[in-house]
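# Structural overview for review
Spelled out, the chains give:
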Amino acid sequence: MSRSVRLWLFAPALVVLAGFLVWSFALLPAFGNYRGPYGDVLNSVAPPERHVTDVVSAVNFDYRAIDTLGEEFILFASVIGVMLLLREHPDEVKEEIEDEQAERKVPFPSDAVRVMSLLLIPPTVLFGVYIVTHGHLTPGGGFQGGAIIVSALALVYLAAGFKMFKRLIPHQLVDLGEGLGAGGFVIIGLAGIAAGATFLENVLPTGETGDVLSGGTIWLISVTTGLEVAAGLYLVIHTFLEKLLEHVKEGDGRGLRKTMDDRRWTMRDGDAGKTMGDGRWRMDPEPAKDGRPVSQGPRYEIEDRGLR
Amino acid sequence: MNYLPYMVAAWLFLVGLYGIVTSRNLIHLIMCLGVMQTSTYILLLAIGYKAGQIAPVFYDKPIGTPAVDPVVHALMLTDIVVEATVVAVLLALTMQAHERAGTVDPDELEAMRG
């Protein structure tokens, strides 16, 4: 149906839906008058039984762990989906992108961004690991901490460019880590069966309340979930970046790319406009063969400090 | 005032739905879907709230202090993870749609092509 027909059909439907929503929400108990017993029962039962102080994590990883297992596999499946959707086709022809504004001077990525990103990486990783491992004591847990660790990996991209991002973080290891995280959850659940209880029951000794190593399987599941979330989200970021930067041609020198990678290293020896095979090429672009204007980027001579 | 959070959730839901139906750009559509999901978070948290009680974390308060319902917080956590993954897959679909069809206008992407 055309757009206007769709909108004309939608307007009365929206009004009716709005009416029903407001009416049904007005029939709920007033805000602040929670009546149900489930929350009160959990709050009084969870800290003495499981020796954890963060009841939300206990609910996520113990009382309703089967829901969290399903949700973790939703994440796993969506990572697979993204990697499948954006994979390279063998018959796909990669076209060169025309540089329509070759005379424009592209500003070099700011030093402030690079330095701050570099400086923020260790605190962010540390903070993420803290959130993951203290998920049963203070608000946190595997999902939140995994997302923080992934933002540290994204800071690597901000600080050093895509090639260094690919080089510093081993892709196969992260792949393996994601599988281990997702499988670890199931294995911990099976350990419950092996110990004679039900699947995903908390069968490990729960230590002292307030200790880091307390809560039995809650802490373990939090750690495996953090690993899986961090690895999965890293794979998503990597897939998107690879797809976006796939048209990048090596060492062309005609200013086709506006990313950080083409202005990073100087060339020790070799011809202008050629790559030396490991990502280094000359800064001065080779004049185009048909006399087209060539992008004159900033002339930087950055010493290669051997950050391999 | 007693029902304001519920009305905020309803408003966000309706605004997101309006944005999706009248959208001209797939990325805008995905963001409107995010707004609709936000409305469910607010509704969940509003249902579990008890006036004057603390968050269900007893690290700095004595165990046994009256706290709000932790189950809805856990459900909301799940919700946020699902939102992130759905947005990721939808954005990947948008990238492929743009590559195949050259446009991100949902009105132009009507026919299914093999």
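## Digging into the packing of aromatic side chains
The description of an aromatic ring pair uses the distance of the two centres, along with the angle that the planes make with each other. In total, this model carries eleven aromatic pairs over all chains according to the counting rule given. Ring centres of Phe 25 of chain A and Tyr 6 of chain B lie 6.3 Å apart, and the angle between their planes is 45 degrees; on these two criteria the pair is classed as tilted. Of this pair, Phe 25 of chain A sits in helix H1 (residues 3-26) while Tyr 6 of chain B sits in helix H1 (residues 4-21), on two different chains. Note on accessibility: Phe 25 of chain A and Tyr 6 of chain B belong to one class, buried. Seen in terms of ring centroids, Phe 61 of chain A and Phe 143 of chain A are 6.4 Å apart; in terms of plane orientation they differ by 10 degrees. Their pairing is stacked. Of this pair, Phe 61 of chain A sits in helix H3 (residues 55-63) while Phe 143 of chain A sits in helix H6 (residues 142-168), and the two are 82 residues apart along the sequence. You'll find Phe 61 of chain A and Phe 143 of chain A in the same group, each marked buried.

## Some thoughts on the confidence of the model for chain B
With 97% of its residues at a pLDDT of at least 70, chain B reaches an overall mean of 90. The element-level mean pLDDT for chain B is lowest in helix H3 (residues 70-101) of chain B, coming to 91, with H1 of chain B highest at 95.

## A look at the interface of chain B and chain A
Residue-level contacts link 49 residues of chain B with 52 residues of chain A. The contact between chain B and chain A buries some 4600 Å² in all, and 72% of this surface belongs to carbon and sulfur atoms. Counting the contacts that link chain B with chain A gives four salt bridges. A salt bridge links Asp 107 of chain B to Arg 6 of chain A; its shortest N-O distance comes to 3.2 Å. Linking chain B to chain A there are 16 residue pairs in polar contact (both at pLDDT 80 or more). Top element by residues in the side of chain B that touches chain A is H3 of chain B. It accounts for 18 residues. Of the residues in the side of chain B that touches chain A, the class split is 34 nonpolar, eight polar and seven charged.

## Quick notes on the pattern of salt bridges
Taken as a whole, this structure holds ten salt bridges over all chains when the rule is applied. We note a salt bridge from Lys 50 of chain B to Asp 40 of chain A, for which the minimum N-O separation is 2.5 Å. A residue pair is termed interchain when its members come from two chains, as with Lys 50 of chain B in the loop between helix H2 (26-47) and H3 and Asp 40 of chain A in helix H2 (residues 37-50). On the basis of relative accessible area, Asp 40 of chain A is assigned to the partly exposed category, the value being 34%. Where Glu 49 of chain A meets Arg 50 of chain A, a salt bridge forms, and the shortest distance between an N and an O atom there is 3.1 Å. Judged by its relative accessible area of 43%, Glu 49 of chain A falls in the partly exposed class.

## Section: the environment of Gly 34 of chain B
Its location among the elements puts Gly 34 of chain B in helix H2. Note: C-alpha distance between Gly 34 of chain B and Val 87 of chain B (53 residues apart in sequence) is 7.8 Å.

## Thoughts on the nonpolar core
Membership of the largest hydrophobic core comes to 22 residues, with the highest contact counts inside it found for Val 82, Phe 165, Val 174, Tyr 234, Val 236 and Phe 240 of chain A. Of all elements in the fold, only helix H4 (65-85), H6 and helix H8 (217-244) of chain A together with H3 of chain B reach the threshold of two or more residues within this core. Here this core takes seven residues from H8 of chain A, the largest share from any one element. Aside from chain neighbours lying at most four places away, what touches Phe 165 of chain A is Leu 153, Val 156, Tyr 157, Tyr 234, Ile 237, His 238 and Leu 241 of chain A. Counting 14 residues, the second largest nonpolar core, distinct from the first, contains Leu 69, Leu 75, Ile 188 and Val 229 of chain A.

About the thresholds
- Residues numbered from 1 in each chain as written.
- Chains lettered and ligands numbered in written order.
- Predicted model: local features only at pLDDT ≥ 70, side-chain atom pairs only at ≥ 80, totals over all residues.
- Heavy atoms only, no water.
- Phe/Tyr/Trp six-rings, centres within 6.5 Å; stacked < 30°, edge-to-face > 60°.
- Helix = DSSP H or I, 4+ residues; strand = E, 2+ residues; numbered from the N terminus.
- Buried < 20%, exposed > 50% of the residue type's maximum accessible area, 1.4 Å probe, protein only.
- pLDDT = per-residue confidence, 0-100.
- Contact = heavy atoms within 4.5 Å.
- Buried area = accessible area lost by both parts, 1.4 Å probe.
- Salt bridge = Lys/Arg side-chain N within 4 Å of Asp/Glu carboxyl O.
- Polar contact = N/O pair within 3.5 Å; in protein donor to acceptor, adjacent residues only side chain to side chain.
- Nonpolar A, V, L, I, M, F, W, Y, C, P; charged D, E, K, R; others polar.
- Core = buried A, V, L, I, M, F, W, Y, C linked by side-chain atoms within 4.5 Å.

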